[in-house]
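# Working through the structure, step by step
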Amino acid sequence: MLESCILRGTLLAGAATSMSQRELLASWEQEEERSHKPTSADVLGPFFRKGAPNNGTLRIAGEPGFPLRVSGNVWNTKGQKVEGARLDIWQADHAGLYDLKGYRYRTRLEAGPASKYAVETILPGHYDDRPAQHIHYLISAPGHKTLITQAYFATDPFFEGDADKNFKKRGIVSNRELIRPVTLIEAPGQPRASIQFDICLETL
Amino acid sequence: MQRKLSADVEIGDVVFSTDGKLLRGICRDNKLRAWEISSGAVRQTITFDKGDRGAILTEHGCTTVGEDGTLKAWDLTSGNATKRTPPNSELRPGGAILAANGDLFAFYGRAEVSVRRFDASGKERYAVPSGIGGAAAVAISADGTKIAAATYDADVRAWKASNGELLRTIGELPVSMFALKFSPDGKWLAAGGADRQLYLYDAETWKQTRALSGQPEMISAIDVSGDGTLVATGGFSELTLKNPVKVLVWDVRSGKPVRTFDAAQRVGAVAFGPDSRSLAVSTFSKTVDLWEWP
């Protein structure tokens, strides 16, 4: 979030020639307010499994699925980094199936010293009964309200190329902000997708 | 032998009347219908209030939650809402289960779930936390002394119904339970869910006494026969809710399935007849399968 604030500051500074100081301040305040807004909740879903290992690499050699990096920061509504946040993250495999006997595509991470987290995984598969690709999150941290949410993908064919217009389709996605833009990282011979999913927890 | 009871809308939860002459079912058009088993004819229709949701049906009655969060208990004979709690927006989303003595126990919340007890006059007696992620299943013992709830965080909790004292948190289950049912004598609790196992717990010590494998799909519905000797389980395919599934009837003593029935798609409810020799299977379709055996 700090990085994005700096980025926003740069952009705003660049736009200063066409904005009055008052407009600039109002815009900055609006951004600040939004940046401290807690991440929207979503349903836990029926397929949570307790006891996942702390594993930053969920991608399994030889298994199908387009490589995906998911990363982000964990903040709170006061704009502070959240130390000791635990993130249960789980998803369906390429075929749209959850592992309910083991821990494939499941992890329980601790956000690092800078309150950052990252997971190397694959784009989750689609399944009939909930056909938007998604990744589940259960995030807890001392002094904060536990957050249950999900990340979705703007490139998902489910949104028919227009997530703004179609995010309410079939009532699956609870809030537009949970649909994240997807970027392509073009490493030689190893292209992979990437999303940033920052978390903002409510303080108790 | 298989028979079918039908309606012109989808049917969800089903329960037999205590005399076994009727099967009651919650229908998607916000009505409760009662079919006469002998003829298959609909003999009673109760129309819930507009906007009511979350209907839960037991032998004692039916509950719904109104748009304003009013909990309602419906008398199955008169078809009237005989109890209403004051409106409370906190109680949506949620549902309530009715005890034999008229108490209502509400389970509400999407993230942090709580259970509340309302006495027969509609007065709130307590509210206690009950896990996170939404209530996946609730059950009450026939004598109304114990209640249990499974939440999607994979915990099952049991409380003393009178005062909300937490009797046990069953935290050892790795995945969520989607169905709970007390035995008729209240001495044990059956639980089943995402790992396809049928678990039996002693309802005094809360120790697991059985973990039975055999249900091919995730378990979404459980009933215990009136004589306490049989448990029925039905489920849903992990691929799609539309896939056909199996319904198993287990012998409690041996821990083995003794009957297997086919269901066209995910099972919403299973209900034993009072003679313990018939089973109604509801699949959220327009027909309920009624299986009978000698």
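I will try to describe carefully the structure that is included in this document. Everything numeric in this text was worked out from a predicted model, so none of it was measured. Each chain carries its own residue numbering, running from 1 in the written order of its sequence. Note on labels: chains are lettered from A, ligands numbered from 1, in written order. Whole-chain, interface and lining totals are the exception, using all residues; otherwise, since this is a predicted model, local features are given only for residues with pLDDT of at least 70 and side-chain atom pairs are given and counted only at 80 or more. Computation of side-chain values: all heavy atoms of the structure, hydrogens and water removed.

This brings us to the nonpolar core. General note: in soluble globular proteins, nonpolar side chains tend to be found buried as a group. Nonpolar cores were defined as sets of buried Ala, Val, Leu, Ile, Met, Phe, Trp, Tyr and Cys residues, with membership established by side-chain atoms within 4.5 Å. Relative accessibility under 20% of the residue-type maximum defines a buried residue, over 50% an exposed one, and the middle range a partly exposed one, all with a 1.4 Å probe and only protein chains included. Of all hydrophobic cores here, the largest spans 37 residues; its most connected members are Val74, Tyr117, Tyr137 and Ile199 of chain A. Helix numbers and strand numbers start at the N terminus; a helix is a DSSP run of H or I with at least 4 residues, a strand a run of E with at least 2. The set of elements that each furnish at least two residues to this core consists of strand S1 (67-76), strand S2 (86-91), strand S4 (116-122), strand S5 (134-140), strand S6 (147-153), strand S9 (190-196) and strand S10 (199-201) of chain A. In terms of residues, this core owes the most to one element, S6 of chain A, which gives 4 residues. Ignoring any residue separated from it by four or fewer positions in sequence, one finds Ile199 of chain A in contact with Thr39, Asn73, Val74, Trp75, Tyr117, Tyr137, Ile139 and Leu147 of chain A. In terms of nonpolar packing, the next biggest core, distinct from the first, is built from 34 residues, Leu100 and Leu138 of chain A together with Val156 and Leu189 of chain B among them. Two residues qualify as a contact provided that any one of their heavy atoms is within 4.5 Å of a heavy atom in the partner residue.

Moving on: the sheet that holds strand S12 (residues 112-118) of chain B. Residues and elements named next belong to chain B. Here, any two strands with at least 2 DSSP bridges between them count as paired. Here 4 strands make up an open sheet; going across it, the order is S10-S11-S12-S13 and the pairing antiparallel. Of all strands in the sheet, those bounded by a partner on one side alone are strand S10 (94-98) and strand S13 (124-132). Across the sheet, the mean angle separating the axes of adjacent strands is 20° when strand polarity is ignored. Bridge analysis of S12 against S13 gives 6 bridges, and the strand direction is antiparallel. Residue pairing across strands places Glu112 opposite Ile132, the latter belonging to S13. Orientation is described by axes fitted as lines to C-alpha atoms, over the contacting stretch for helices, and by angles from 0 to 180 degrees between their N-to-C directions.

What follows covers the state of the cysteines. When the sulfur atoms of two cysteines share a covalent bond, that bond is a disulfide. Residue and element names in this part refer to chain B. Disulfides are defined as cysteine sulfur pairs within 2.5 Å. With the rule as written, the count across this model stands at 0 disulfides over all chains. Cys27 carries a free sulfur, and the closest cysteine sulfur to it, the one in Cys62, is 11 Å from it. With a relative accessible area of 4%, Cys27 lands in the buried category.

What follows covers the interface of chain A and chain B. Facing the 17 residues of chain A at the interface are 22 residues of chain B. Values labelled buried area give the accessible surface lost by two parts on being combined, using a 1.4 Å probe and summing over both. Of the roughly 1,600 Å² buried between chain A and chain B, counting both surfaces, carbon and sulfur atoms make up 62%. It is Lys50, Leu100 and Asp129 of chain A that lose the most area in chain A upon contact with chain B, and together they represent 30% of the buried surface on that side. Salt bridges are counted wherever a side-chain nitrogen of Lys or Arg sits within 4 Å of a carboxyl oxygen of Asp or Glu. Taking the shortest distance from any N to any O, the salt bridge between Asp155 of chain B and Lys50 of chain A comes out at 2.3 Å. Nitrogen and oxygen atoms within 3.5 Å of one another constitute a polar contact, given that in protein one can donate a hydrogen and the other can accept it, and given that sequence-neighbouring residues count only through two side-chain atoms. At the surface where chain A touches chain B, the tally comes to 3 residue pairs in polar contact (both at pLDDT 80 or more). Classes in brief: Ala, Val, Leu, Ile, Met, Phe, Trp, Tyr, Cys and Pro nonpolar; Asp, Glu, Lys and Arg charged; the others, Gly included, polar. Grouping the constituent residues of the side of chain A that touches chain B by class yields 10 nonpolar, 2 polar and 5 charged.

This part is about the pattern of salt bridges. Taken as a whole and judged by the stated rule, the model has 30 salt bridges over all chains. The closest approach of N and O atoms between Arg104 of chain A and Glu63 of chain A, which form a salt bridge, is 3.0 Å. Here Glu63 of chain A lies in the loop between helix H2 (21-35) and S1 and Arg104 of chain A lies in the loop between S2 and strand S3 (106-110), a separation of 41 residues in the sequence. Residue Arg104 of chain A is classed as partly exposed on the basis of its relative accessible area of 29%. A salt bridge links Arg3 of chain B to Glu292 of chain B, with the nearest nitrogen and oxygen atoms 3.5 Å apart.

The next thing to look at is unusual backbone geometry. Even without being glycine, Ser115 of chain A reaches a positive phi, approximately 60°. Of note in this structure, Asn30 of chain B is not a glycine but carries a positive phi near 70°. Along the chain, the position of Asn30 of chain B falls in the loop between strand S3 (22-27) and strand S4 (31-36). Accessibility expressed as a relative area gives 22% for Asn30 of chain B, which makes it partly exposed.

Attention shifts here to the packing of aromatic side chains. Residues and elements named next belong to chain A. Two rings belonging to Phe, Tyr or Trp (six-membered ring only in the last case) form a pair when the distance between their centres is within 6.5 Å. Interplanar angles under 30 degrees mark stacking, angles over 60 mark edge-to-face geometry, and anything in between is tilted. Under the criterion given, the structure shown has 11 aromatic pairs over all chains. Measuring from centroid to centroid gives 4.9 Å for Tyr137 and Phe197, while their planes differ by 35°, and the two rings are tilted. Note that Tyr137 is positioned in strand S5 and Phe197 in the loop between S9 and S10, a separation of 60 residues in sequence. The class for Tyr137 is buried, based on a relative accessible area of 0%. Assessed through its relative accessible area of 2%, Phe197 is described here as buried. Taken together, the ring pairs in this structure connect Phe47, Tyr98 and Tyr127 into an aromatic cluster. A cation over a ring is seen here: Arg49 above Tyr103, with NZ or CZ 4.7 Å from the ring centre. Lysine and arginine charges are scored as sitting over a ring when NZ or CZ, respectively, is within 6 Å of the ring centre and within 35 degrees of the ring normal. The ring of Phe158 is capped by Lys169, whose NZ or CZ atom sits 4.3 Å from the centre of that ring.

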